[in-house]
Amino acid sequence: MNIDDLQAGFRKKQFTPLDIAKFALEKAKQHPEVFIQICETEALLQAQQSTQRWLDHAPISELDGIPFGVKDLFDIEGYITTRGSKLFTDPANSTAPQVSELLKFGAVLIGKTNLSEFAYSGLGLNPHFGTPTQKVDNRDYITGGSSCGSAAAVMKGIVSFALGTDTAGSIRIPSSYCGLVGFRASSSRYDNSNIAPLSPSLDTTGPICASLKDVCYIDNLLNQNTTSVPQNTQFKLVFDKKFCNQLAMDEATKNAFFTSIEALRKHGIKVENHRVNTLNQTLELVNRIGWLGSIEAYVTYEDLIKQSLSSIDPLVAQRLKNSNRIEAADVSRLYQQRETLKRQLAKELKGSTLLMPTTLTTAPLLSDITQSVESFNEHNLKALRLTMIGSYLDCPGIALPNGLNSNGLPTSLLLSQCSGNDTELLRHAMTIEPFITSLFNQARGNNNG
């Protein structure tokens, strides 16, 4: 259900936005573990209005009639913002500006998607509403989190795109695990009001899509920006080979990453290997002191932790409860070092785009994660290991699928830029996407063959 195909179908009268909305609503109802709430009445009205505009040859944007979902952290007037929890019961009295903007341009909201409770996990498990999975060889693998429902909704072809949030990797991780394109925007790029917080200084948002072109359609409307493909390849990509080689990557992820670099060089893209010391320094800081997002998450949910701990997912509750043990001086140091490391990264990259794997491994089995609390924590830390670097430094990041393992599970390439350089990142990504997508399609062909 990519946007160009739907536009072409509307234009040729092969189907209407109302047809597509009815299809999406029916599929959404079949997956309650993906959609927590379905906005059926509103969606049908929006789709009827869009259908008339297309019949009048007057669509109001590229997204007119396109079905989408939003992570259930975004306020929608009249609907509960559940945060993936059973503890919230009051409907929102207004709609998040990002959603309002998409509706203004004719997009059709199908519903609100599932997430890890409070968005506090990179794995996407939810005992209250169910856990979205992807089935490969009759085995259930996770979709990743915390924007698990948003990724699953796109992966399963229910909607063309879905909005997610990203505090430590929650857009990029599920995009990686599901073979999708995910864009973590810099925190200042969009209006992030009326979105339930987890860690206010780290929270940001972005779309999960089937293609980078679809990401750009959405970004253009939300940011009132036009992202065009540059006319030449005179920009530079960098990676830190020593850093990457020390990572505990699985074989498929490692092979796909270095194959991607060689393919880009073959097509004339300048890719340089040099040390980016900020990467290790950020991880060492987090290992030594702790994760800033955990500290802020405890403050956000402190009252609920004290009053309703037994009603919270135990895997979330135990981590939240343990997040207030960092000394005040160390918390202050995390904020200070964040700004220092952001400046250092800018000096090291000098405008270049950074390449690394999005995740260390392909999607793990659901049964492996749920064996024990220790297994959950181990997999969660592994999932967040690379994306948390960019989150701490507010790096815009794009996850692009770049291969498959022997079981057919996707690998992913992460492109990152310094905070605020979102447009440059999107332009660089648009230039290299055809080469990376070719690798992914080749892997799919080999896997199917």
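Residues numbered from 1 in each chain as written. Predicted model: local features only at pLDDT ≥ 70, side-chain atom pairs only at ≥ 80, totals over all residues. Heavy atoms only, no water.

K.L.:
Just checking my understanding: could you explain empty space enclosed by the protein for this structure?
P.N.:
Any empty space left between the atoms is revealed when a probe the size of a water molecule rolls over them. Inspection of the entire model under this criterion finds one cavity of 30 Å³ or more. Counting residues per element, the lining of the largest cavity draws most heavily on helix 17 (residues 387-392), which supplies three residues. Tallied by class, residues from the lining of the largest cavity come to nine nonpolar, three polar and one charged. (1 Å grid on protein atoms, 1.4 Å probe; cavity = no way out; pocket = protein on both sides within 12 Å on 5 of 7 lines; lining within 4 Å. Points joined across faces, edges and corners; volume = space filled by probe spheres on them. Helix = DSSP H or I, 4+ residues; strand = E, 2+ residues; numbered from the N terminus. Nonpolar A, V, L, I, M, F, W, Y, C, P; charged D, E, K, R; others polar.)

K.L.:
When you look at the state of the cysteines in this model, what are you seeing that I'm missing?
P.N.:
Each disulfide is one covalent bond, formed between the sulfur atoms of two cysteines. Tallying each qualifying case throughout the model produces zero disulfides. Here Cys418 is not disulfide-linked; the sulfur of Cys395 is the nearest cysteine sulfur, at 6.0 Å. (Disulfide = S-S within 2.5 Å.)

K.L.:
Would you explain the layout of surface pockets in this entry?
P.N.:
Estimated volume of the largest pocket: approximately 670 Å³. Taken together, 30 residues make up the lining of the largest pocket; nearest its centre are Trp291, Ser294, Arg319, Asn380 and Leu381. For the lining of the largest pocket, the per-class residue count stands at 11 nonpolar, 14 polar and five charged. Roughly 580 Å³ of internal volume is contained in the second largest pocket. Of all the secondary-structure elements, those providing two or more residues to the lining of the second largest pocket are strand 4 (133-136), helix 5 (148-155), strand 12 (397-404) and helix 18 (422-448). When residues of the lining of the second largest pocket are assigned to their parent elements, the largest contribution, eight residues, is made by helix 18. Here the residues of the lining of the second largest pocket are counted per class, giving 13 nonpolar, 11 polar and three charged.

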